[in-house]
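# Residue-level structural notes
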Amino acid sequence: PVYQEIQGAFSISAIFAVIIAVSEFISRKFNPSPEFTRKFVHMNGGIACLFFPFFVKSQFTVLALAALFSMLFYLGGKMKFLKCLHGVERKTRGSEYYPFAIWALFFLSFDRLWLYFTSALVLTAADACAALIGEKYGSIRYKVGDSYKSLEGSLFFWIISFLAIQIPMLLLSGLPKETCILSALLVSFLMTCTEAVSVRGTDNIFVPVL
């Protein structure tokens, strides 16, 4: 029913708004690392996105929300009212790509919950954790375009993405255990390589879709 679809969209939007508001408050009140507040929104927003299949049914609802929040993030950068997302020094459009990546996953998964969960968790957990680990502990750095990444961050991305793919497959897909493990190993390696060469936030599109 239309009413339930609107109610679900409003609920998810309210959760996103609270996450952004809390992150903005933390950013302005405590002045933490810009990468921390950016990934705070990234990770918690991604966790909220896991509820999309339970709250809404239409891909067009998700697309409308993606366009709305992508525009909000774009304007936040232009008008400088979202410090939590745009405080990092590197040039990136990742925040604007992120909502459309979620829509693409919702559309491509075709109600296969395990496929949506694996992709969303990689986008949510692996990318955020890798960025924070790389910033704090990364000592072996390499340059891609005008950005710097670290071997430690890439290694951590591989570990988290392997777990993020394997666990939902084992629990939700019904596929043989060996298939889940080998698929997770292969795909997580491919995604790590993709993330390593992606610049300016394009990994937010390429990695989860891959």
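Here the structure is shown first, and the text comes after it.
Residues numbered from 1 in each chain as written. Predicted model: local features only at pLDDT ≥ 70, side-chain atom pairs only at ≥ 80, totals over all residues. Heavy atoms only, no water.

## Examining helix H8 (residues 151-173)
Counting along an α-helix, one turn takes 3.6 residues, and residues three or four places apart therefore face a common direction. In this model, H8 (23 residues) spans 32 Å end to end at C-alpha, consistent with the 33 Å of a helix rising 1.5 Å per residue. The complete set of buried residues in H8 reads Gly 153, Ser 154, Phe 157, Ile 160, Ser 161, Phe 162, Ala 164, Ile 165, Gln 166, Pro 168, Met 169 and Ser 173. On its buried side, H8 packs onto helix H7 (113-137), strand E1 (141-144), strand E2 (147-150), helix H9 (177-197) and helix H10 (203-209). Gly 174 occupies a position one or two residues after H8 and carries a positive phi of about 80°. (Helix = DSSP H or I, 4+ residues; strand = E, 2+ residues; numbered from the N terminus. Expected span 1.5 Å × (residues − 1). Buried < 20%, exposed > 50% of the residue type's maximum accessible area, 1.4 Å probe, protein only. Contact = heavy atoms within 4.5 Å.)

## Things to note about helix H4 (residues 59-78)
Taking 1.5 Å per residue as the helical rise, H4 with its 20 residues ought to reach 28 Å, and the 28 Å between its terminal C-alpha atoms agrees with that figure. Taken together, the buried positions of H4 are Thr 61, Val 62, Leu 65, Ala 66, Phe 69, Ser 70, Phe 73 and Gly 76. Viewed end-on, H4 has its buried residues packed into an arc of 160°, placing them on one side of the element. Facing away from the buried side of H4 by over 90 degrees, the exposed positions are Phe 60, Leu 68 and Lys 78. Buried residues along H4 sit in contact with helix H1 (2-30), helix H3 (52-55), helix H5 (83-86) and helix H6 (94-109). Where H4 begins, the side chain of Ser 58 points an oxygen toward the backbone nitrogen of Phe 60, at a separation of 3.1 Å. Positive backbone phi, approximately 60°, marks Lys 80, located one or two places after H4. (Arc of directions from axis to C-beta. Polar contact = N/O pair within 3.5 Å; in protein donor to acceptor, adjacent residues only side chain to side chain.)

## Some remarks on the packing of H6 against H7
Packing of H6 against H7 brings their axes to within 9 Å, and their N-to-C directions diverge by 165°. Classified by the angle their axes make, H6 and H7 are roughly antiparallel. Relative to H7, the crossing made by H6 is right-handed. For the pair H6 and H7, the contacting residues are Tyr 98, Ala 101, Ile 102, Leu 105, Phe 106, Leu 108 and Ser 109 in the first and Leu 115, Tyr 116, Ser 119, Ala 120, Leu 123 and Thr 124 in the second. Of the residues in the contact of H6 with H7, the class split is 10 nonpolar, three polar and no charged. (Axes fitted to C-alpha atoms, helices over the stretch in contact; angles between N-to-C directions. Parallel < 35°, antiparallel > 145°, perpendicular 65-115°, else oblique. Left-handed = near helix turned anticlockwise from the far one by under 90°. Nonpolar A, V, L, I, M, F, W, Y, C, P; charged D, E, K, R; others polar.)

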